[in-house]
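# Residue-level structural notes
What follows is the residue order along each chain.
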Amino acid sequence: GTTLGASAAEKGRYFGTAVAANKLSDSTYVNILNREFDMVTAENEMKMDATEPSQGQFSYGNADRIVNQARNQGKRVRGHALAWHSQQPGWMQNMSGSALRQAMLNHVTQVATYYRGKIYAWDVVNEAFADGSSGGRRDSNLQRTGNDWIEAAFRAARAADPGAKLCYNDYNTDNWSHAKTQGVYRMVQDFKSRGVPIDCVGFQAHFNSGNPVPSNYHTTLQNFAALGVDVQITELDIEGSGSTQAQQYQGVVQACLAVARCTGITVWGIRDTDSWRASGTPLLFDGSGNKKAAYTSVLNAL
Ligand code: XIL
C-alpha cells in the first residue's frame, strides 16, 4: 500500500489517528487525515466533560463533527472515553459514593446509547491503575465508589451498545515486567474468568527517553491476547527525531504485527504541531504536513 491505512488493511489491521474537531477546517490537516488513516479517535470531544457538561444535559456537537466526518469518508471510530478520573465535568469532580456511581453509570449508558452502532470499540474505562510498584488501582473518586466500578461500567456499556468492542485503556502498561502491566493483566484475567464483558485492551504508548519502547513489547501484547482479548495501540507518540525515532516506531509496528490479535495502531495526532506534548516532535508528519523518516519506517514495516 501507499498509505498507512491501506498498508495496514493489507495486514488485516487498521491505522488511525486522534482528531480534534477544531482542526477539521484546516485543509492540510484534513487532506492527510482523509488520505492516510482509516480509524479515528476524538482527541477530547467524547470525554465526560465534553459530552455531559451539566449533569443530565448531553452535548454531542463537536463529537458528532468528528464521527460524521470519519464515517462520510468510510473510516471507523474508536470511542474515547466513557469513564475516567481525568477530564470529568466540574459537577462530577465534587461527587462521591452512590450518587457518583449512579451518575457515572448513567453517563456510560447515555453516551454509548447515543452512538450505538457507530463505534468500532469504546475505551470504557481509561487509566484506572496506579503508577509505581503497587500494581493496584489508582485512587480516584470513581475508585472510591467501590472496586467493582470498572466491571459495572463495562456491563452498562455492553447493555447500551452490544455491537461495540469494549476496551480497557491505559499507559505505562507496555513493559511486561512493570507492576502496572501485571495489575491490568490480572484484572482482565479475572474479568474473562467471571464473564465480565471485555473485548480488548488498549495500550496508549506515549513514549519518550524516560519511558522508551520496551524490547519485550510483543511479549506484553501476546500475553494479553492469550487471555482472549484483542489488543490495540491506541495513542502512539514517540519523542525524538530522525532515524532513532523512526526505528522506535518500526519496533512498535513490528510488535503489533507479530501478534495476531493486535488489530490496529492509532497515533495521537497527525503533525508534530498537533501533538498534545508541549514540546518535541513525536508524530509522523512535520508541522508543514511533510512525511518524516518515522512515517516512512512505519509504512515500510506495515
Ligand atoms: C490529551 C489530549 O491530547 C489533550 O488535548 C488534552 O488536553 C489532555 O488529554 N491519555 C489519554 C488521552 O487517554 O485522552 C490524553 O489526551 C493523553 C493521555
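Residues numbered from 1 in each chain as written. Predicted model: local features only at pLDDT ≥ 70, side-chain atom pairs only at ≥ 80, totals over all residues. Heavy atoms only, no water.

In the annotation of an unreviewed UniProt entry, the entry for the protein reads Beta-xylanase, and the organism field reads Saccharothrix longispora.

With that out of the way, let us pick up the overall build of the protein. The helix and strand inventory of the protein stands at 11 helices and 9 strands. Relative to a compact globule of 302 residues, whose C-alpha radius of gyration would be 19 Å, the protein shows 18 Å and is just as compact. Overall size of the protein, expressed as C-alpha extent along the three principal axes, is 50 × 45 × 35 Å. A total of 302 residues make up the protein; the buried ones form 58% of that total. Long-range contacts, defined as pairs at least 24 residues apart, comprise 75% of the intrachain contacts of the protein with a sequence gap of at least 6. Summed over all atoms, the accessible surface of the protein reaches about 11,300 Å², with 44% contributed by carbon and sulfur. Measuring between centres, the 28 positive side-chain charges of the protein sit 5 Å from its 27 negative side-chain charges. (Helix = DSSP H or I, 4+ residues; strand = E, 2+ residues; numbered from the N terminus. Rg over C-alpha atoms; globule rule 2.2 N^0.38 Å. Buried < 20%, exposed > 50% of the residue type's maximum accessible area, 1.4 Å probe, protein only. Contact = heavy atoms within 4.5 Å. Areas by Shrake-Rupley, 256 points an atom, 1.4 Å probe, with all protein chains shown as cover. Lys, Arg positive; Asp, Glu negative; His and termini not counted. Charge placed at Lys NZ, Arg CZ, Asp CG, Glu CD.)

Neighbouring the ligand are 13 residues, the closest being Glu 43, Lys 47, His 80, Glu 235 and Trp 268. Between an oxygen atom of the ligand and a side-chain N or O atom of Asn 126, the distance comes to 2.9 Å. A distance of 3.1 Å separates a nitrogen atom of the ligand from a polar side-chain atom of Gln 204. Burial of the ligand by the protein amounts to 78% of the accessible area it has alone, namely 420 Å². Taking a 2 Å distance to the grid points as the criterion, the majority of the atoms of the ligand fall inside the largest pocket. Taken together, the residues of the shell around the ligand sort by class into 3 nonpolar, 6 polar and 4 charged. (Near = heavy atom within 4 Å. Polar contact = N/O pair within 3.5 Å; in protein donor to acceptor, adjacent residues only side chain to side chain. 1 Å grid on protein atoms, 1.4 Å probe; cavity = no way out; pocket = protein on both sides within 12 Å on 5 of 7 lines; lining within 4 Å. Sits in = over half its atoms within 2 Å of the grid points. Nonpolar A, V, L, I, M, F, W, Y, C, P; charged D, E, K, R; others polar.)

This part takes up the packing of helix α10 (residues 242-257) against helix α11 (residues 293-301). At their nearest, the axes of α10 and α11 sit 8 Å apart, and the two run at 25 degrees to each other. The angle between α10 and α11 places the two elements in the roughly parallel class. Crossing handedness for the pair α10 and α11: right-handed. Side by side, α10 and α11 meet where Gly 242, Gln 245, Ala 246, Tyr 249, Gln 250, Val 253 and Leu 257 of the first sit next to Ala 293, Ala 294, Ser 297, Val 298 and Ala 301 of the second. Residue classes in the contact of α10 with α11 are distributed as 8 nonpolar, 4 polar and no charged. (Axes fitted to C-alpha atoms, helices over the stretch in contact; angles between N-to-C directions. Parallel < 35°, antiparallel > 145°, perpendicular 65-115°, else oblique. Left-handed = near helix turned anticlockwise from the far one by under 90°.)

Take the pattern of salt bridges next. In total, this model carries 17 salt bridges according to the counting rule given. Note that Glu 151 and Arg 155 form a salt bridge whose closest N and O atoms lie 3.7 Å from each other. Of the two residues, Glu 151 and Arg 155 are both situated in helix α7 (residues 149-160); the distance of 4 residues between them amounts to about one turn of the helix. For Glu 151, a relative accessible area of 15% corresponds to the buried category. The salt bridge partner of Arg 261 is Asp 230, with a shortest N-O separation of 2.9 Å. You can see Arg 261 sitting in the loop between α10 and β9 (262-267) and its partner Asp 230 sitting in strand β8 (residues 230-238), a full 31 residues away along the chain. Its relative accessible area of 34% is what places Arg 261 among the partly exposed residues. (Salt bridge = Lys/Arg side-chain N within 4 Å of Asp/Glu carboxyl O.)

Space left empty within the atom packing is revealed by a probe, the size of a water molecule, rolled over the atoms. Considering only enclosed or pocket space, the largest pocket measures out at about 260 Å³ in volume. Contributing to the lining of the largest pocket are 18 residues, with Glu 127, Gln 204, His 206, Glu 235 and Trp 276 lying nearest its centre. Among the residues making up the lining of the largest pocket, the classes are represented as 4 nonpolar, 9 polar and 5 charged. (Points joined across faces, edges and corners; volume = space filled by probe spheres on them.)

Right, let's get into the packing of aromatic side chains. Tallied over the full model, the rule gives 15 aromatic pairs. Here the aromatic rings of Phe 203 and Tyr 217 are separated by 6.4 Å at their centres, their planes lie at 80 degrees, and the arrangement is edge-to-face. You can see Phe 203 sitting in strand β6 (residues 200-203) and its partner Tyr 217 sitting in helix α9 (residues 217-225), a full 14 residues away along the chain. The positively charged end of Arg 76 is found above the aromatic ring belonging to Tyr 120, 4.6 Å away from the centroid. Directly above the ring of Tyr 171 sits Lys 180, whose terminal nitrogen or CZ lies 3.5 Å from the centroid. (Phe/Tyr/Trp six-rings, centres within 6.5 Å; stacked < 30°, edge-to-face > 60°. Lys NZ or Arg CZ within 6 Å of the ring centre and 35° of its normal.)

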